[in-house]
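Here is how the chains run, residue by residue.
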Amino acid sequence: MKRIFYLLFIITLALNINAQETGYYNGAAGKSGDELKSILNDIIQDHQTLSYYSAKAFFKESDKDPNNPDNVILVYTGRSQGINDFPNTGDQLNREHVWAKSHGDFGTEPPMGSDYHNLKPADGSVNSSRSNLDFDNGGVTHPEATGCSYDNNSWEPRDEVKGDIARIIFYMATRYEGENGEQDLVVVDEVDTYPNAEHGKLSALLDWNMQDPPDDFERNRNNVIFSWQHNRNPFIDNPEYANLIWNQATPNAITIDNIAKTPETPSDETPVTISANINSNEGNINSAIIKWGNSFETLDNEITMSADGDLFSGDIPAQPEASTIYYQIIAQDETNNNTSITYNYYVPKTFIGTLVSINDIQGQQNVSPMADEIVDASGTQNLNYGEVSTSGIVTGNYGEFFFIQNGEGAWNGLMVYNGSNPRIGDSVIVTGIIKEYWGVTEMANVSDFYHIASNKILPEPTVINTGDASEQYESVLVKVINANCTNDNYQQNHFMWEVNDGSGALKIHNSSIYTYDPTESIRYTITGPLNFNFDEFKIELRNDNDVNVYSDGSAPEISEVTAS
C-alpha cells in the first residue's frame, strides 16, 4: 500500500472554537452612533448562511448544559432538557426567534430567519406565551417560566438572560440594514411594534445590557456560532457598543485600533508581537501595556509596550503548543485610560506522522480497505483497522459533516463526520476512524483536526452524466450540465428535487446551508459534492453559485437566407 510520509511541520489546530480573531473589530475604535453601527455591519454581514432546520444540531454546542452535555438550557425557564426533545410542542424544545420573525415577516428562510445568533432553545408552551411580544419590564409572573413576567404587549425575561436577550436584539438591528434584499430591522423605544420590522423597548434593553453583562455561557455561545456561521455578536464582545450607538455615549478620548499580531501563525519557539495604533485627542499617551493570560478571566501577566510614533508594540513570550492565549491592551494619557476588546490566539500543535491519501482510503472499491467498521442492514461488523490521518481541501461543509478532496476525479473525495466547521477552501489534516456507514465511506470519531491554510483553489469539478453517479464519485466535487428538472417538488421529497440529462435521474439536495427553488422543465448546470445516503446518490448544494440555468454560450448562426 502506498503511503505518503511527511516530516515535522507546524499547522494550526482548527478545533479551537475560542478564536476571537485579533483585530476583528479594527476600524470601530473611536466611533459612535450610525457610523459605528455601519462599521460593525460591514464586519459581521458576510457570514455563512445556514438552514433553520439544522439549528437542532447547533444547539447541542451553543446552549448545552455545562453540567450535562446531553442537555440544553432553555432560555426563558432556565430548565435543563434533553438535547433531542423536539418537535416543538407542549414542554418540548422549540427554536425561539428572539427577534420575533413576524416583526418584519422574514419567516425561517436564510439569512434572517435562520441566523443562529437569533435562535435559542425554548420550552414550546412558554414560547407560545411569549409569542411575538416586545421586551419590557412589568406584567404578571408566568405560571411555568416563573422568572419571567408578561402582559398583553411585552415580555420580561428572567434576570439571568436579560442581557443575553438585549444583545441579540442589538445584533439583529445591526446585522440587517436593508441590504441585499434583506429587511432593515430597527430597535425602537416602544412596544406594540408588530408587524413592523421593529423591536422594543430600547430603554429597557439598554438597562438589561448593563445589568446582566456577558458570562461564560454567552461567550461560549458566541464562539460556537462564530465557528459555524463565521460572524460574531459585537455586543457580547463589547457591551459598550450598545451605549455608543443608541444611548448617546461619548467615545473614549483614547483610541486603540489596527490591532495585529506577528507572526500570523504562532509557534512554541518564538514570541508573538502584539501591535496597535494608539492615540488620544486630549494629550499624549503616557503608557500602554499588554495584559495576558491563559483564560478570559485571568490576565495576570503584564508587558510594557514600546512606541514608534503612534504605533505601540510588545512581545508575549513563546508559549507551549496547544495553548490559547488571551490578551488586551490598556492605554493611558494624562487623564484617561482605555481598554481594548479581549482577543486571543492559539499556538498550534505539531503534526508528526503518516498521511494516507484519500485515494488509498477509498481503495477503488465499494468498501474501503481501511474500514474499521461496517454498518448496513446486516448489522455492525468491526474490522479493527485503527486510526488514519489524511489531508485535503474542504469542498463543502454542512454543519455535522463536511467533504474533503485531494486531487481531481474519481476516488479522491471523503466525507468527514465531525462538526469542527472549517470553511470551503481550507486545507486540512484530519485523523479518525474510517467507517462504511450504510454504503458511504466516511471518517468518524475524529481525534485530531488541523488547519493548514485558507482560500486554497478547489479541485476542478468532475463533469458526469446524471445517470453516471456511482461509488467512484462518492464525496467528489461533481458537475452535471444541461440537466432537465423533472421534479421540482422538494418540499414533499425530503428537500430533494430531480434532474435528468437523458442518461438517468439524479437527486439534488437542498441542504442544511442552501436551498434553491427549481422550476420543472427548466435545464440547469449544477455543481456540488456527491453524497450517498438512503440508497441514492445526490448532489449537496452549498451556495447560489452551485445552480445555474443552462446556457450553451454560443451565438446564433444564420443557416439560410431567402429573398422575397
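Residues numbered from 1 in each chain as written. Predicted model: local features only at pLDDT ≥ 70, side-chain atom pairs only at ≥ 80, totals over all residues. Heavy atoms only, no water.

S.K.: How should the overall build of the protein chain be read in this particular structure?
M.R.: Scanning the protein chain from N- to C-terminus turns up 9 helices and 37 strands. With the C-alpha coordinates of the protein chain rotated into their principal frame, the extents come out at 80 × 70 × 60 Å. The buried share of the protein chain, taken over its 564 residues, is 54%. Excluding contacts between residues fewer than 6 apart, the proportion of contacts in the protein chain whose partners are at least 24 apart in sequence is 65%. Accessible surface, the protein chain as shown: approximately 24300 Å² in total, 44% of it carbon and sulfur. Computed over 31 positive and 81 negative side-chain charges, the separation of the two mean positions in the protein chain equals 3 Å. (Helix = DSSP H or I, 4+ residues; strand = E, 2+ residues; numbered from the N terminus. Buried < 20%, exposed > 50% of the residue type's maximum accessible area, 1.4 Å probe, protein only. Contact = heavy atoms within 4.5 Å. Areas by Shrake-Rupley, 256 points an atom, 1.4 Å probe, with all protein chains shown as cover. Lys, Arg positive; Asp, Glu negative; His and termini not counted. Charge placed at Lys NZ, Arg CZ, Asp CG, Glu CD.)

S.K.: Looking at this structure, I do not really get the sheet that holds strand β3 (residues 64-65). What am I missing?
M.R.: Within a beta sheet, neighbouring strands are joined by backbone hydrogen bonds and run either parallel or antiparallel to one another. Taking strand neighbours across the sheet as the criterion, the 3 strands line up as β3-β4-β5 in an open arrangement whose pairing is antiparallel. A strand with exactly one partner marks an edge of an open sheet, and here the two such strands are β3 and β5 (80-82). The pairing of β3 with strand β4 (residues 68-73) spans 2 bridges and is classified as antiparallel. Residue pairing in the sheet places Lys64 in a bridge with Val72 of β4. (Pairing = 2+ DSSP bridges.)

S.K.: How should I be thinking about the layout of surface pockets in this particular structure?
M.R.: Here the largest pocket is characterised by a volume of approximately 1200 Å³. Forming the boundary of the largest pocket are 40 residues, of which Phe401, His509, Asn533, Phe534 and Glu540 lie nearest the centre. Those elements that provide at least two residues to the lining of the largest pocket are β30 (440-453), β35 (523-533) and β36 (536-540). (1 Å grid on protein atoms, 1.4 Å probe; cavity = no way out; pocket = protein on both sides within 12 Å on 5 of 7 lines; lining within 4 Å. Points joined across faces, edges and corners; volume = space filled by probe spheres on them.)

S.K.: Looking at this structure, I do not really get the pairing of strand β28 (residues 413-416). What am I missing?
M.R.: Remember that side chains alternate between the two faces of the sheet whenever the strand is regular. The two faces of β28 match: Gly413 and Met415 on one face and Leu414 and Val416 on the other face are all buried. Examined bridge by bridge, β28 and β30 share 2 bridges and lie parallel to one another. Within the sheet, the bridge partner assigned to Val416 lies in β30 and is Met443.

S.K.: Would you mind going over the nonpolar core with me for this structure?
M.R.: The nonpolar side chains of a soluble globular protein tend to be buried, and buried together. The biggest cluster of nonpolar side chains holds 68 residues, and the ones touching the most others in it are Tyr76, Trp246 and Ile278. The element contributing the most residues to this core is helix α4 (residues 162-175), with 8 residues. If we skip the residues at most four places from it in the chain, Ile278 touches Ile254, Thr255, Ile256, Ile285, Ala288, Asp310, Phe312, Ile329 and Ala331. Core analysis: the second largest hydrophobic core is formed by 44 residues, Ala55, Phe401, Ala469 and Val476 among them. (Core = buried A, V, L, I, M, F, W, Y, C linked by side-chain atoms within 4.5 Å.)

S.K.: Could you clarify how one ought to interpret empty space enclosed by the protein in this entry?
M.R.: The method is simple in principle: a probe with the dimensions of a water molecule rolls over the atoms, and the space it marks as empty is what remains. For the structure shown, the criterion picks out 1 cavity of 30 Å³ or more. Considering only enclosed or pocket space, the largest cavity measures out at about 40 Å³ in volume. Around the largest cavity, the lining residues are Lys120, Asp164, Ile168, Glu218, Arg221 and Ile236. Of all the elements in the fold, those that place two or more residues in the lining of the largest cavity are α4 and α6 (216-229). Residue composition of the lining of the largest cavity, by class: 2 nonpolar, no polar and 4 charged. (Nonpolar A, V, L, I, M, F, W, Y, C, P; charged D, E, K, R; others polar.)

S.K.: Please clarify how the confidence of the model for the protein chain should be interpreted in this entry.
M.R.: Interpretation of the predicted coordinates at a detailed level should be avoided for regions scoring low in pLDDT. Of all residues in the protein chain, 94% have pLDDT values of 70 or greater, and the mean over the chain is 91. Low pLDDT, under 50, characterises residues 1-17; the stretch is placed with 55 contacts to residues that sit more than four places away or in other chains. (pLDDT = per-residue confidence, 0-100.)

S.K.: Would you explain the sheet that holds strand β14 (residues 254-262) in this entry?
M.R.: Strand order in the open sheet made by the 4 strands is β14-β15-β19-β18, with antiparallel pairing throughout. A strand with exactly one partner marks an edge of an open sheet, and here the two such strands are β14 and β18 (306-308). Direction aside, neighbouring strands of the sheet carry axes that sit 25° apart on average. Sheet topology places strand β15 (residues 272-280) next to strand β19 (residues 311-316); 6 bridges connect them, and they run antiparallel. Across the sheet, residue Thr273 finds its bridge partner in β19, namely Asp315. (Axes fitted to C-alpha atoms, helices over the stretch in contact; angles between N-to-C directions.)

S.K.: What exactly am I supposed to notice about the pattern of salt bridges here?
M.R.: Between side chains of opposite charge, a pair can form as their charged atoms come close. Throughout the structure, instances matching the rule amount to 22 salt bridges. Taking the shortest distance from any N to any O, the salt bridge between Arg79 and Asp123 comes out at 2.7 Å. Residue Arg79 is located in the loop between β4 and β5, and its partner Asp123 is located in strand β7 (residues 119-123); the two are separated by 44 residues in the primary sequence. Asp123 sits in the buried class, given a relative accessible area of 2%. (Salt bridge = Lys/Arg side-chain N within 4 Å of Asp/Glu carboxyl O.)

S.K.: Which parts of the structure should I look at to understand α6?
M.R.: The periodicity of an α-helix, 3.6 residues per turn, causes residues three or four places apart in sequence to face the same way. A rise of 1.5 Å per residue sets the reference length of α6, with its 14 residues, at 20 Å; its end C-alpha atoms lie 20 Å apart and thus fit the reference within 8%. Most of α6 is tucked away, with 11 of its 14 residues classed as buried. Inspection of α6 places Glu218, Arg219, Arg221, Asn222, Asn223, Val224, Ile225, Phe226, Ser227, Trp228 and Gln229 among the buried residues, and these make up the whole buried set. Two residues or fewer after α6 comes His230, characterised by a positive phi angle close to 65°. (Expected span 1.5 Å × (residues − 1).)

S.K.: When you look at the packing of α4 against α6 in this model, what are you seeing that I'm missing?
M.R.: Packed helices, taken two at a time, are described by the angle their axes make and the gap between the axes. Two elements in contact, α4 and α6, have axes separated by 11 Å at closest approach and are oriented at 30°. For the pair α4 and α6, the crossing hand works out as right-handed. Across from Gly163, Asp164, Arg167, Ile168 and Tyr171 in α4, the residues of α6 making contact are Glu218, Arg221 and Gln229. Considering only residue class, the contact of α4 with α6 consists of 2 nonpolar, 2 polar and 4 charged. (Left-handed = near helix turned anticlockwise from the far one by under 90°.)

S.K.: Just checking my understanding: could you explain the packing of aromatic side chains for this structure?
M.R.: One pair of aromatic rings is described through two measures. These are the centre distance and the angle between the planes. According to the stated counting rule, one finds 24 aromatic pairs in the structure shown. Where Phe235 meets Trp246, the ring centres are 5.7 Å apart and the plane angle is 40°; that geometry is what we call tilted. Here Trp246 lies in helix α8 (residues 240-246) and Phe235 lies in helix α7 (residues 234-237), a separation of 11 residues in the sequence. Assigned by exposure class, Phe235 and Trp246 land together as buried. Ring centres 6.4 Å apart and planes at 40° place the aromatic pair Tyr327 and Tyr343 in the tilted group. Placement of Tyr327 in strand β20 (residues 323-332) and of Tyr343 in strand β22 (residues 343-347) is noted, with a sequence separation of 16 residues between them. Under the relative-accessibility criterion, Tyr343 is labelled buried at 2%. (Phe/Tyr/Trp six-rings, centres within 6.5 Å; stacked < 30°, edge-to-face > 60°.)

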